[in-house]
Amino acid sequence: MKIRIYSPDRDAEKTIWIPTGFLFSKISMYIVAKLASRQARKDYEQKLIEMSRSGWDADPDELLTSDDIQKAERLTPPINEQQVKELLAALRDSKYLLRGLPLLFIDSPDGERVRIDL
């Protein structure tokens, strides 16, 4: 993945390269999981604070009902393993044809541009 940042003040482009293999490695998935659990914990604590401010004296375990848990368990994956392999192969092939897959473009009012390519 390449992140290109163009600054009109210096008339220079800075490129930050992150190996794509790192993005799908166990280490990066661990980091993402930790960040997600940290955010979930913050949201949970925020709900507890709001409950205490409103004077609602209920058990914190009642924030999740058994219906919510059953609905979450019935969710099916959006795509199967074979479709993931085909998608990654198509991305890999098109990456070389397009010299990077543009994922995101950001233009600020100051003229600074950020482009993220896969």
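Going by the structure above, here's the rest.
Residues numbered from 1 in each chain as written. Predicted model: local features only at pLDDT ≥ 70, side-chain atom pairs only at ≥ 80, totals over all residues. Heavy atoms only, no water.

### Side note on the sheet that holds strand 3 (residues 102-107)
And step 1. Strand order in the open sheet formed by four strands is 2-1-4-3, and the pairing between neighbours is antiparallel. Each edge of the sheet is formed by a strand with only one pairing partner; in this case those strands are strand 2 (12-17) and strand 3. Ignoring strand direction, the axes of neighbouring strands in this sheet form an average angle of 10°.
And step 2. Judged from the five bridges that link them, strand 3 and strand 4 (residues 113-117) form a sheet pairing that is antiparallel. Among the inter-strand pairings, proline 102 is bridged to a residue of strand 4, identified as aspartate 117. (Pairing = 2+ DSSP bridges. Helix = DSSP H or I, 4+ residues; strand = E, 2+ residues; numbered from the N terminus. Axes fitted to C-alpha atoms, helices over the stretch in contact; angles between N-to-C directions.)

### Things to note about a nonpolar patch on the surface
And step 1. On the surface, a nonpolar cluster with roughly 510 Å² of combined accessible area is contributed by Phe22, Ile27, Tyr30, Ile31 and Leu35.
And step 2. Residue contributions to the nonpolar patch peak at four residues, all from helix 2 (residues 26-54).
And step 3. Mapped onto the fold, tyrosine 30 is located in helix 2. (Patch = residues over 30% accessible without salt bridge, like charges linked within 9 Å, V, L, I, M, F, W, Y side chains within 5 Å. Areas by Shrake-Rupley, 256 points an atom, 1.4 Å probe, with all protein chains shown as cover. Salt bridge = Lys/Arg side-chain N within 4 Å of Asp/Glu carboxyl O.)

### What about the side chain of aspartate 117?
And step 1. Among the structural elements, aspartate 117 can be located in strand 4.
And step 2. Owing to a relative accessible area of 1%, aspartate 117 belongs among the buried residues under this scheme.
And step 3. A polar contact of 2.8 Å, which involves the side chain of aspartate 117, links it to the side chain of arginine 115. (Buried < 20%, exposed > 50% of the residue type's maximum accessible area, 1.4 Å probe, protein only. Polar contact = N/O pair within 3.5 Å; in protein donor to acceptor, adjacent residues only side chain to side chain.)

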